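# Structure assessment
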Amino acid sequence: MYKTKQEILVKSKKAIGKSFGEIDLYNRLSNYKNKGNLGQIIEESFFEYAVNSRSEPDFIEAGVELKVTPFKLNKNRTYSSKERLVLNMINYMTEGVKSFYTSSFWNKNSIILLMFYLYDFETFYKDMKIEYTYLFEFSDEDLIIIKKDWEIIHDKILKGLAHEISEGDTMYLAACRKGNKNSKLRQQPFSAVLAPSRAYSLKGSFMTSLLNEKVIGIKSKEKIIKDVSVLKEKSFEEYIYCVLSRYKGQKVEHLNNQFRINGKAKNSNAVLVARLLGLEGSISKSSEFLKANIKVKTVRVNKTGNIKEHMSFPNFQYKKIVEENWETSSLREMFETTKWLFVIFKEGNDGYFFNSVLFWNMPISDLDNEYKEVWDKTVKCIKKGNIYNFTNTRNQRVTYFPNANENRVGHVRPKGKNSKDTYELPVEDNKLKVMEYTKQCFWLNNKYILGIVSKRNLDKVSRGGDKL
DNA sequence: GCATGATCATGC
DNA sequence: GCATGATCATGC
């Protein structure tokens, strides 16, 4: 058994360039595209210790946990982690009474030996190779944020809300669902409601940054937090709120002039926030936003206190979405793992004024109930060839997709270059007899957004903030 | 003023 | 060229 971090790291390097098939001594991999258990192969055949499921790290004496994890080459030739790094299961009953440093997370995962293999859709698992190994320990700045993340998860357990935990609640450390749909729901200590089983995990976005910046060694991204010590007093979100509150009530046109921003560009609001935060580049490319998978959205509140526009999200492809199921759908995945930063502008007598920002992620119940209904109906329409309804008096093609009236959370509407900008259909449309249709995407209803913005603004009032 | 189809502007 | 975020346009 290996006794020190260094011994383990040195040994791990000998796996670089080897395929799982070459390493595997016990024939755990067949010729099929079967993932089997790649981690077990490394444990048994490479490090030569018996597979276990203890709560201690795999290499007890060295305190090192072993993780074998995939990364992929993107079309634009950059590398991404293929998935989140799933760590140990959360036992809600026992974790509730722990503190960060006595938690099962910290006990098992404070030092992780990462072995990255290159995943490729067309390759058998036995032929995929280990490309990098890296001994990972949390940096001071990451650890501050991770501790806060752990506390957010812990707090939900203490409040009897384990069933409402979502990956979007936190920045880098998340509680991700583990086990299939039919696996048993778990007890939690402060509520009778059973909660889905979840495991601690490092977000896919965090792993991608780690891979690129620490393992491969690509230049680091611009940071919003230039001095870590500010995070000792405030959380990341509080810091952002604090910095931006200085600009509250300033006219957008004025701010745009001051920071030399082209106000006509549709991304000008995101650029503006980046400048207000002192960034040279874009906010979506900042280190923290990339690692935490935070996306920026503009919200404009008009004079009457309403939000004029619904909020759009990426297009879906008809042929792909019909192959998905809700539990693993790209829509669900996006809304469970993404945190959004709403940048709120308020209309005044002569134009728009910067108001505030708001971090938000979709509550699991909204996602798995109402938004699921929108998704279900959409998929049903496509599968049945039931998309086109009639042509209205403006010569526009009206669809059967779920509209904004029938669902509290969201709807489906076109989004593309123009109406001739289409994706292929899996089945012919019943009425039009065509095999393609105008690109569409999922939207969030403006009223739903308004509910979020005004509710949270009330919360802020009680903490001394201002009303919209 | 809402509902909903259509389309613009940018970045990569 | 295309995906994406944001916004326009108009009948009811």
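So, a few notes on the structure that sits alongside this text.

Definitions and limits used
- Residues numbered from 1 in each chain as written.
- Chains lettered and ligands numbered in written order.
- Predicted model: local features only at pLDDT ≥ 70, side-chain atom pairs only at ≥ 80, totals over all residues.
- Heavy atoms only, no water.
- Salt bridge = Lys/Arg side-chain N within 4 Å of Asp/Glu carboxyl O.
- Helix = DSSP H or I, 4+ residues; strand = E, 2+ residues; numbered from the N terminus.
- Buried < 20%, exposed > 50% of the residue type's maximum accessible area, 1.4 Å probe, protein only.
- Phe/Tyr/Trp six-rings, centres within 6.5 Å; stacked < 30°, edge-to-face > 60°.
- Near = heavy atom within 4 Å.
- Polar contact = N/O pair within 3.5 Å; in protein donor to acceptor, adjacent residues only side chain to side chain.
- Expected span 1.5 Å × (residues − 1).
- Pairing = 2+ DSSP bridges.
- Axes fitted to C-alpha atoms, helices over the stretch in contact; angles between N-to-C directions.
- Contact = heavy atoms within 4.5 Å.

### So, the pattern of salt bridges
Tallied over the full model, the rule gives 26 salt bridges. In this structure, Lys 108 and Glu 65 form a salt bridge, with 3.2 Å as the shortest nitrogen-oxygen distance. Of this pair, Lys 108 sits in helix α5 (residues 104-109) while Glu 65 sits in strand β1 (residues 65-73), placing them 43 residues apart in sequence. Judged by relative accessible area, which is 9%, Lys 108 ranks as buried. On the accessibility criterion, Glu 65 (3% relative accessible area) is buried. Between Arg 332 and Asp 368 there is a salt bridge; the shortest N-O distance is 2.9 Å. Of the two residues, Arg 332 sits in helix α13 (residues 330-337) while Asp 368 sits in helix α14 (residues 364-383), which places them 36 residues apart along the sequence. In this structure Asp 368 comes out as partly exposed when scored by relative accessible area, which is 23%.

### What to know about the packing of aromatic side chains
Taken as a whole and assessed by the stated rule, the structure comprises 37 aromatic pairs. Relative to Phe 47, the ring of Phe 46 lies with its centre 5.0 Å away and its plane at 85 degrees, an arrangement referred to as edge-to-face. Both residues of the pair, Phe 46 and Phe 47, belong to the buried class. When the centroid spacing of 5.2 Å and the interplanar angle of 40 degrees are considered together, the rings of Phe 100 and Trp 106 count as tilted. Assigned by exposure class, Phe 100 and Trp 106 land together as buried.

### Comments concerning the protein's contact with DNA strand B
Contacts to DNA strand B come from 22 residues, most closely from Lys 266, Lys 285, His 310, Arg 413 and Gly 416. Sugar plus phosphate, as a fraction of atoms of DNA strand B within 4 Å of the protein: 62%. Within the side chain of Lys 285, a nitrogen or oxygen atom sits 2.5 Å from a phosphate oxygen of DNA strand B. One nitrogen or oxygen atom from the side chain of Asn 403 is found 3.2 Å from a phosphate oxygen belonging to DNA strand B. Considering every element that reaches the surface near DNA strand B, the biggest residue donor is strand β15 (residues 397-399), with three residues.

### What about α14?
The end-to-end C-alpha separation of α14 is 26 Å, in line with the 28 Å expected for 20 residues at 1.5 Å each. The set of residues buried in α14 consists of Ile 364, Asp 366, Leu 367, Tyr 371, Val 374, Trp 375, Thr 378, Val 379, Cys 381 and Ile 382. One or two steps after α14, the chain reaches Gly 385, where phi turns positive at roughly 70 degrees.

### Here we look at the sheet that holds strand β5 (residues 130-137)
Taken together, the four strands give an open sheet; going across it, the order is β2-β1-β4-β5, and neighbouring strands pair in mixed fashion. Two strands close off the open sheet at either side, each with one partner strand: β2 (79-81) and β5. For this sheet, the mean inter-axis angle between neighbouring strands, taken without regard to orientation, is 30 degrees. Where β1 and strand β4 (residues 111-118) come together, seven bridges link them in parallel fashion. What sits directly across from Val 68, in β4, is Met 115. Each of β4 and β5 is contacted by helix α1 (residues 5-13), which is oriented at about 165 degrees to β5, the strand it contacts most. The strands touched by helix α7 (residues 204-216) are β1, β2, β4 and β5; relative to β2, the strand with the most contacts, the crossing angle is about 130 degrees.

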